[in-house]
Amino acid sequence: MDKQRPQAQPTVQIDNARVIVTEWRFAPGAETGWHRHGFDYIVVPQTSGTLLLETADGEHHAELTCGVSYFRNVGVEHNVVNANDYEFVFIEIEIK
């Protein structure tokens, strides 16, 4: 039986007609759960480290650097897992 991972903790900071800004906090091993992005989005890492991305195409590791943002188009489907032995934090900005 697979061990259930802890859940990442989202805190919505802004939700208006134009954007949703969410802080995501991941304890070691925590995950978002499978989801599909309904908007284009930008991620601003607040921590440097490695995230495990579980996708339909398999598992991929992403190396993120604090303060180095990236953009993704609507429709991304994945589960994001903290692969570090410390808390990982990023800000997600969804563009409505």
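Here the structure is a predicted model, which means the values were calculated and not measured.

A. Just the pattern of salt bridges, in detail. Summed over all chains, the structure comprises 5 salt bridges. Close ionic contact of R5 with E54 constitutes a salt bridge, the shortest N to O distance being 2.9 Å. Taken as a pair, R5 in the segment before strand 1 (9-15) and E54 in strand 5 (residues 49-55) lie far apart in primary sequence, 49 residues in all. Judged by its relative accessible area of 12%, E54 falls in the buried class. For R25, the salt bridge goes to E87, with nearest N and O atoms at 2.8 Å. Linking R25 in strand 2 (residues 19-26) with E87 in the loop between strand 8 (77-82) and strand 9 (88-95), this pair joins segments that are 62 residues apart in sequence.

B. Geometry of the nonpolar core. The biggest cluster of nonpolar side chains holds 12 residues, and these are A8, W24, F26, A30, Y41, V43, L51, A62, L64, V80, F88 and F90. Those elements that provide at least two residues to this core are strand 2, strand 4 (40-45), strand 6 (58-64) and strand 9. In this structure, A8 is in contact with W24, R25, F26, A30, E31 and T32, ignoring residues within four places of it in sequence.

C. Local environment of the sheet that holds strand 5. Pairing within the open sheet is antiparallel, and its 4 strands lie in the order 3-8-5-6. With partners counted over all chains shown, the strands left at the sheet margins are strand 3 (35-36) and strand 6, one partner each. The pairing of strand 5 with strand 8 spans 4 bridges and is classified as antiparallel. Bridging from a neighbouring strand, L53 pairs with V80 of strand 8.

D. A look at the sheet that holds strand 4. The 5 strands lie next to each other as 1-2-9-4-7, forming an open sheet whose pairing is antiparallel. Two strands bound the open sheet, and with one partner strand each, they are strand 1 and strand 7 (70-72). Going from strand to strand, the sheet's axes swing by 20 degrees on average, the running direction of each strand aside. Note that strand 1 and strand 2 share 6 bridges and pair antiparallel. Across the sheet, the residue bridging to I14 is V21, located in strand 2.

About the thresholds
- Throughout, residues of each chain are indexed from 1 in the direction in which the sequence is written.
- Local features are withheld for residues below a pLDDT of 70 in this predicted model, meaning they are given only at 70 or higher, and side-chain atom pairs are given and counted only at 80 or more; totals for whole chains, interfaces and linings count all residues.
- Here the side-chain values reflect all heavy atoms present in the structure, with hydrogen atoms and water set aside.
- By salt bridge we mean one thing: a side-chain nitrogen of Lys or Arg within 4 Å of a carboxyl oxygen of Asp or Glu.
- Only runs of H or I of at least four residues qualify as helices and only runs of E of at least two qualify as strands under DSSP, and these elements are numbered from the N terminus.
- Summary of the burial criterion: residues with accessible area below 20% of their type's maximum are buried, those above 50% are exposed, and those between are partly exposed, where the area comes from a 1.4 Å probe applied to protein chains only.
- Here the nonpolar core consists of buried residues drawn from Ala, Val, Leu, Ile, Met, Phe, Trp, Tyr and Cys, with membership extended through side-chain atoms lying within 4.5 Å.
- Any pair of residues with heavy atoms lying within 4.5 Å of one another is described as a contacting pair.
- Between any two strands, at least two bridges found by DSSP are needed for them to pair.
- In this analysis an axis means a line fitted to C-alpha atoms, helices contributing only their contacting stretch, and an angle means the value between N-to-C directions, from 0 to 180 degrees.

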